[in-house]
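Residue-level structure breakdown
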There are 2 protein chains.
Amino acid sequence: MIVNGVGREIPAFIDGYKSIVPYVTPHGREPEKFKTRPHTGKMLPGEDKLLPDLETAIRECGLEDGMTLSFHHHFRNGDRVANMVLEKVARMGFKGLKIALSSIFPVHAPLVDHVKSGVVGGISCNYMLGPVAEAMSAGRFPFTVVFRTHGGRDRAIEAGEEQIDIAFVAASAADRAGNFNGISGPSACGSLGYCLTDCRYARKVVVITDHIEPYPLIPASADETLVDYVVMVDRAGDPAGITTGAVKDEKDLLRLKLASWAADVIEAAGLLKEGVSFQTGTGGASLAATRFLREKMKKIEISGSFGMGGITGQMAALLEEGYFKALLDTQSFDQAAIESLRSNPRHQEISASRYANPHNKGCAVNSLDAMILSAIEVDTGFNVNVHTASDGRVMGGSGGHADTAAGSRLSVVAAPSVRKNIPIVIDRVLTVTTPGATVDCLVTERGIAVNPLRKDLEDSIRAAGLPVVDIEDLKNKVEKETGGQQKPFLVSRIVAVVEYRDGTVLDIIRAIS
Amino acid sequence: MIVNGVGREIPAFIDGYKSIVPYVTPHGREPEKFKTRPHTGKMLPGEDKLLPDLETAIRECGLEDGMTLSFHHHFRNGDRVANMVLEKVARMGFKGLKIALSSIFPVHAPLVDHVKSGVVGGISCNYMLGPVAEAMSAGRFPFTVVFRTHGGRDRAIEAGEEQIDIAFVAASAADRAGNFNGISGPSACGSLGYCLTDCRYARKVVVITDHIEPYPLIPASADETLVDYVVMVDRAGDPAGITTGAVKDEKDLLRLKLASWAADVIEAAGLLKEGVSFQTGTGGASLAATRFLREKMKKIEISGSFGMGGITGQMAALLEEGYFKALLDTQSFDQAAIESLRSNPRHQEISASRYANPHNKGCAVNSLDAMILSAIEVDTGFNVNVHTASDGRVMGGSGGHADTAAGSRLSVVAAPSVRKNIPIVIDRVLTVTTPGATVDCLVTERGIAVNPLRKDLEDSIRAAGLPVVDIEDLKNKVEKETGGQQKPFLVSRIVAVVEYRDGTVLDIIRAIS
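Keep in mind the model is a prediction, meaning the values are calculated, not measured. (Residues numbered from 1 in each chain as written. Chains lettered and ligands numbered in written order. Predicted model: local features only at pLDDT ≥ 70, side-chain atom pairs only at ≥ 80, totals over all residues. Heavy atoms only, no water.)

What about the overall build of chain A?
For chain A, the helix and strand inventory stands at 14 helices and 28 strands. In terms of C-alpha radius of gyration, chain A reaches 22 Å, essentially the compact-globule figure of 24 Å for 513 residues. Structurally, chain A occupies a C-alpha span of about 70 × 55 × 45 Å along its principal axes. Within chain A, contacts between residues separated by at least 24 positions form 72% of all contacts whose residues are at least 6 apart in sequence. The positive charge centre, built from 56 side chains, and the negative charge centre, built from 62, are 2 Å apart in chain A. (Helix = DSSP H or I, 4+ residues; strand = E, 2+ residues; numbered from the N terminus. Rg over C-alpha atoms; globule rule 2.2 N^0.38 Å. Contact = heavy atoms within 4.5 Å. Lys, Arg positive; Asp, Glu negative; His and termini not counted. Charge placed at Lys NZ, Arg CZ, Asp CG, Glu CD.)

Next up, the structure:
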């Protein structure tokens, strides 16, 4: 066992996982000198990439047992491509395939049976919710799942740690040369930011679409130089499934309070000036916080530089109204965001690598002024857990959580201190998603706890008249009220590894029994 | 000596040049399985890429003697960056630097002295005109220049054959994170298509600009993930220099005749139908041909799919008028083209790799219906020379000539059979730029010679009532009229290698004495 930089005991060896590098500090790990080598190709004039069906594409790609297939989650719970491909490869008799799917949703329930039947022999993702998460938490997978961040996934692909044999792209439109995007056609889903690095490094790339346009499709999220085959299907995905789950616009008073204070903290930190940039996420408190920030910007007559991340219609409206000069979009969360990406040239699709890969010559999270983050648990070391519930079940993952916390000048976690009598502020989070060293403060309904690393911020918040609380006091109050930390539960073997964005191991997740 | 696929004697070894692979057929060479490895990077939040001056950037990049510096030619004869950097590295005392400059113009005359003083010890380019070409042809360079095509240059970079230590980008606008483009700012030059692959594979990338915008600059031709440093200078380039040289709009009767017949050939070949795509270049006959094609399209009421290449205002007008649905632009040739790229989302910047790298999974030239090409000489094997004049002096290079000939369904060379009593149609071109196997026909004022490989085309052209001539007859007539092929001249050692787009050796160029 090794104790890593967030105090977690990490085994020296985990079955099926590459050699372990323990996490030390947020920016400590140096990259290798080079990325891995992209694949060449050759296409003669007159050759056509449009194949008659998925099975032909799979055969042409030379799929073999044990290879890695990648997918992306822009359709979220409306995704069809991962299930479609897995059903096909199962029928074709392949076994032991590794699945690199950026985020896993309830719609991906069939994955559980594909694991059971041996078709799937490995999973990596940045987020996991629903039956797949439940099966994994129950210890029903005979392999160790790898959790990454959005930036960390692209870093791992570029570093050659995640080697993709075939990347399947669910595109709402393509041309026969392979140029594709997510904004044209009847199944538009918006940005395709999470599959672009897959396309650049995968051995083979198959675009699955329900809408073919004449060459050249414009814009091209990724272009013909990277795509091997195009397959036409009835529906590439269900845009109605995008909004399920992640996006909430709840207006209860608690959330409004958190949101209001989070916005106040950003102002108190002196960041609310001409050119401010922020990302707020899609939780209820985050959406409300965006509204409060808008009001503040209006009042003091400033405009921001850019908003980023998963983009909602609310952010698109801020762009239209001039509160932002640009949006950088890895994923579009609703129809209004999709329409904005389609029609406003200042709303730009970016890859997850540009968004947050720490081993690039730069990434966009480094230019973020403020980030408002959610939490399932926060501990007195300001470590945040968005992976596991208090009973140990996996119900999420980092996504861009750890990426934006590390990159932004100010990371504000907004969370109630207690949820349904379950303590949220505790001694030690069950799973470390985001190291406390990258979290500047925690906004709760009981007041704002500031990371001792940010004494300057504490002073500013106090000066602004906001209620500052000590995190230990906060934890003690919560403990008293709820009768202590969550109920104990038994855990058994390791079912998942939580990688930090730089590929070091932040934590492990065990099966619950 | 090896005799290659266009009948040229190629030595088995050329001093300073990588191991020779002789050209065999246009699409014969298979790529290696992988491209070379891109460089990683690391930038901490709060770090700034804007350096105080060029010298600091050169030092920060760790320049050493013998390294390779790359430049691009979007400002053409108005380029300032290559001269600026070379003057600086000369003062700093560096020696033996290799210069990978996509095209060399008269403005680059100082290169001659930098070679003489030993600062520069190697040159590669796709085109060369002016004092540098004269010095090279005179045998004054102590190294062998490498000529590539636009697609071939990017292929060589991606294959690791052209390894760039520092890529210098002349950008009309950038932000401090390194996002840059060529359409914003006072020195806008349009597309930056020839430096994008440099940025992806160079060890270090320095953006030189005279206009800094707040983050994030939109659009970004290449983004912050690829750029190490940004340097602000008085002027990044002189847009007035773009139009010199290449773009001609001459209206003499001979050119009009060639242009008219070239357009007729495209129609006769059955390509002039809904969705037609073409590239016409910037020569006088090409511009006139575009006008004829426009008239034909208007008459038969069709619209094309896309125009490509170096884009002129004429092509931009075709987009505006609906004759094209899209433009794919590697280089913008005038202010109207720059404005179109800036304002029309259907006018897209593409990299030279997407344009024409044959070792991608696809490239745009493969979707071209018709290409109208110029020629300095054409021989009875339909081989075309756009490198050397009849006296042996270098006065050009392939650019996209060989790329588009290989990719397009129909490649039409339009050239007079005689120029100033110098025969153009001859037995054997002095230098093979483009193999005859990729040239479908030659339009001259004496009629149209069709490559025997395209019997189908000859039939169509005859059926359309166009004057077909036999290329041997044509050559004989020209010979008779001019008194034979050009005057003999003495040549000495090899001064340049002409690479085909796939990296095989097509020809060599010798010094003239």
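Brief notes about the relation of the copies chain A and chain B
Taken as rigid bodies, chain A and chain B are interconverted by a rotation of 180° and an axial shift of 0.0 Å, the fit giving an RMSD of 0.0 Å. Such a turn and shift between the copies fits a two-fold axis. Among all residues of chain A, the one whose C-alpha sits closest to the rotation axis is Arg37(A), at a distance of 2.3 Å. When the interface residues of chain A are mapped onto chain B, 100% of them again lie at the interface, so the same face is used by both copies. (Least-squares fit on C-alpha atoms with pLDDT ≥ 70 in both.)

What about the pattern of salt bridges?
All names here are of chain B. In this structure the tally under the stated criterion is 69 salt bridges over all chains. Among the ionic pairs, Glu 55 bridges to Arg 59, the shortest N-O distance being 2.9 Å. Taken as a pair, Glu 55 and Arg 59 lie in helix 1 (residues 54–60) at a separation of four residues, close to a single helical turn. (Salt bridge = Lys/Arg side-chain N within 4 Å of Asp/Glu carboxyl O.)

Focus on unusual backbone geometry
Residues and elements named next belong to chain A. Cis geometry is adopted by the peptide bond preceding Pro 216, which originates at Tyr 215 and carries an omega value of -10°. Positionally, Pro 216 belongs in the loop between strand 11 (204–209) and strand 12 (229–232). One non-glycine residue, Phe 382, lies in the positive phi region at around 65°. For Phe 382, the position within the fold is in the loop between strand 18 (377–379) and strand 19 (384–385).

Some points on the sheet that holds strand 23 (residues 425–426) of chain A
The strands that make up a sheet are held in pairs by hydrogen bonds between backbone atoms, and each pair lies either parallel or antiparallel. Residues and elements named next belong to chain A. The mixed open sheet is built from three strands, whose spatial order is 19-18-23. Of all the strands in the sheet, just strand 19 and strand 23 have a single pairing partner and so form its edges. Here strand 18 runs beside strand 23; their pairing, made up of two bridges, is parallel. Within strand 23, the residue paired with Asp 379 across the bridge is Ile 426. (Pairing = 2+ DSSP bridges.)

Description of the sheet that holds strand 3 (residues 50–51) of chain A
Residues and elements named next belong to chain A. Reading across from one edge, 3-12-11-8-4-5-6-7-27-28 is the order of the ten strands in this open sheet, with mixed pairing throughout. Either end of the sheet is taken by a strand with one partner, and the two such strands are strand 3 and strand 28 (505–512). Pairing analysis gives four bridges linking strand 11 to strand 12, with the strands arranged parallel. Residue Val 206 lies in a different strand from strand 12, and its bridge partner there is Tyr 229. Lying on the sheet, helix 2 (residues 81–91) is in contact with strand 4 (68–71), strand 5 (97–101), strand 6 (120–125), strand 8 (166–171) and strand 11; it crosses strand 4 at an angle near 155°. (Axes fitted to C-alpha atoms, helices over the stretch in contact; angles between N-to-C directions.)

Side note on the packing of helix 8 (residues 284–300) of chain A against helix 9 (residues 313–320) of chain A
All names here are of chain A. Across the interface, helix 8 lies against helix 9 with an axial gap of 10 Å and an inter-helix angle of 15°. Overall, the two elements helix 8 and helix 9 adopt an arrangement that is roughly parallel. Our pair here, helix 8 against helix 9, has a crossing hand that is left-handed. Here Leu 287, Thr 290, Arg 291 and Arg 294 of helix 8 lie close against helix 9, whose contacting residues are Gln 314, Met 315 and Leu 318. Per-class residue counts for the contact of helix 8 with helix 9 are three nonpolar, two polar and two charged. (Parallel < 35°, antiparallel > 145°, perpendicular 65-115°, else oblique. Left-handed = near helix turned anticlockwise from the far one by under 90°. Nonpolar A, V, L, I, M, F, W, Y, C, P; charged D, E, K, R; others polar.)

With respect to the packing of helix 9 (residues 313–320) of chain B against helix 10 (residues 335–343) of chain B
Residue and element names in this part refer to chain B. At a minimum axis distance of 7 Å, the contact between helix 9 and helix 10 shows a crossing angle of 40°. On the basis of their axis angle, the class for helix 9 and helix 10 is oblique. Counted together, Gly 313, Ala 316 and Leu 319 of helix 9 and Ala 336, Ala 337 and Ser 340 of helix 10 form the full contact between these two elements. By residue class, the composition of the contact of helix 9 with helix 10 is four nonpolar, two polar and no charged.

Quick word on the domain arrangement of chain A
Residue and element names in this part refer to chain A. Segmenting chain A into domains produces domain 1 (52–241) and domain 2 (253–489). Of note, the centres of domain 1 and domain 2, computed from C-alpha atoms alone, are 29 Å apart. With 31 residues of domain 1 at the contact, the number on the domain 2 side is 32 residues. Taken over both partners, the interface formed by domain 1 and domain 2 buries close to 2,300 Å², and the fraction arising from carbon and sulfur atoms is 55%. Sorting the residues of domain 1 by area buried against domain 2 places Arg 155, Ile 183 and Ser 191 first, and these three jointly supply 21% of that buried surface. Counting every contact that joins domain 1 to domain 2 gives zero salt bridges. Between the two partners, domain 1 and domain 2, sit 24 residue pairs in polar contact (both at pLDDT 80 or more). At the level of secondary structure, the elements contributing two or more residues to the side of domain 1 that touches domain 2 comprise helix 4 (131–137), helix 5 (150–159) and helix 6 (196–201). Looking at side-chain class alone, the side of domain 1 that touches domain 2 contains 13 nonpolar, 13 polar and five charged residues. (Domains from an automatic or database assignment. Buried area = accessible area lost by both parts, 1.4 Å probe. Polar contact = N/O pair within 3.5 Å; in protein donor to acceptor, adjacent residues only side chain to side chain.)

Some details on the interface of chain A and chain B
How large an interface is tends to be reported as the accessible area lost when its parts come together. Facing 57 residues of chain A, the contacting portion of chain B comprises 57 residues. A buried area of about 4,800 Å², summed over both sides, lies between chain A and chain B, and 54% of it is on carbon and sulfur atoms. The interface formed by chain A and chain B includes six salt bridges. We note a salt bridge from Asp228(A) to Lys361(B), for which the minimum N-O separation is 2.8 Å. Remark: the boundary between chain A and chain B carries 32 residue pairs in polar contact (both at pLDDT 80 or more). Only helix 6, strand 11, strand 15 (326–332), helix 11 (352–356) and helix 12 (401–407) of chain A provide two or more residues apiece to the side of chain A that touches chain B.

Focus: the environment of Ser172(A)
Residue and element names in this part refer to chain A. By the element assignment, Ser 172 lies in the loop between strand 8 and strand 9 (173–174). Ser 172 sits 60 residues away from Val 112 along the chain, and the two C-alpha atoms are 27 Å apart. Those residues in contact with Ser 172 that lie beyond four places of it in its chain are Asn 181, Gly 182, Ile 183, Ser 184, Gly 185, Ser 187, Ala 188, Cys 189, Thr 209, Asp 210 and His 211. At 3.1 Å, the side chain of Ser 172 and the backbone oxygen of Gly 182 are in polar contact. From its side chain, Ser 172 meets the backbone oxygen of Ser 184 in a polar contact 2.5 Å long.

A look at the side chain of Asn181(A)
Residue and element names in this part refer to chain A. Position of Asn 181 relative to the elements: it lies in strand 10 (residues 180–181). Polar contacts involving the side chain of Asn 181 include one to the main-chain amide nitrogen of Ser 184, which spans 3.0 Å. In this structure Asn 181 touches Ala 171, Ser 172, Ala 173, Leu 192, Leu 217, Ile 218, Pro 219 and Ser 221, once residues within four positions along its chain are discounted.

A short note on the environment of Leu373(B)
Tracing the chain through its elements places Leu373(B) in strand 17 (residues 370–373). Considering only alpha carbons, one finds Leu373(B) and Ala285(B), 88 residues apart in sequence, at a separation of 9.2 Å.

Focus on the pairing of strand 20 (residues 410–414) of chain A
All names here are of chain A. Of all five residues making up strand 20, five are buried, and the element is well covered by its neighbours. Burial along strand 20 is two-sided: Leu 410, Val 412 and Ala 414 facing one way and Ser 411 and Val 413 facing the other are all buried. Bridge analysis of strand 17 (residues 370–373) against strand 20 gives four bridges, and the strand direction is parallel. If you follow Ile 372 over to strand 20, its bridge partner there is Val 412. Alignment of strand 20 against strand 24 (residues 441–444), held across three bridges, turns out to be parallel. In the sheet register, Val 413 faces strand 24, and the bridge partner there is Leu 442. (Buried < 20%, exposed > 50% of the residue type's maximum accessible area, 1.4 Å probe, protein only.)

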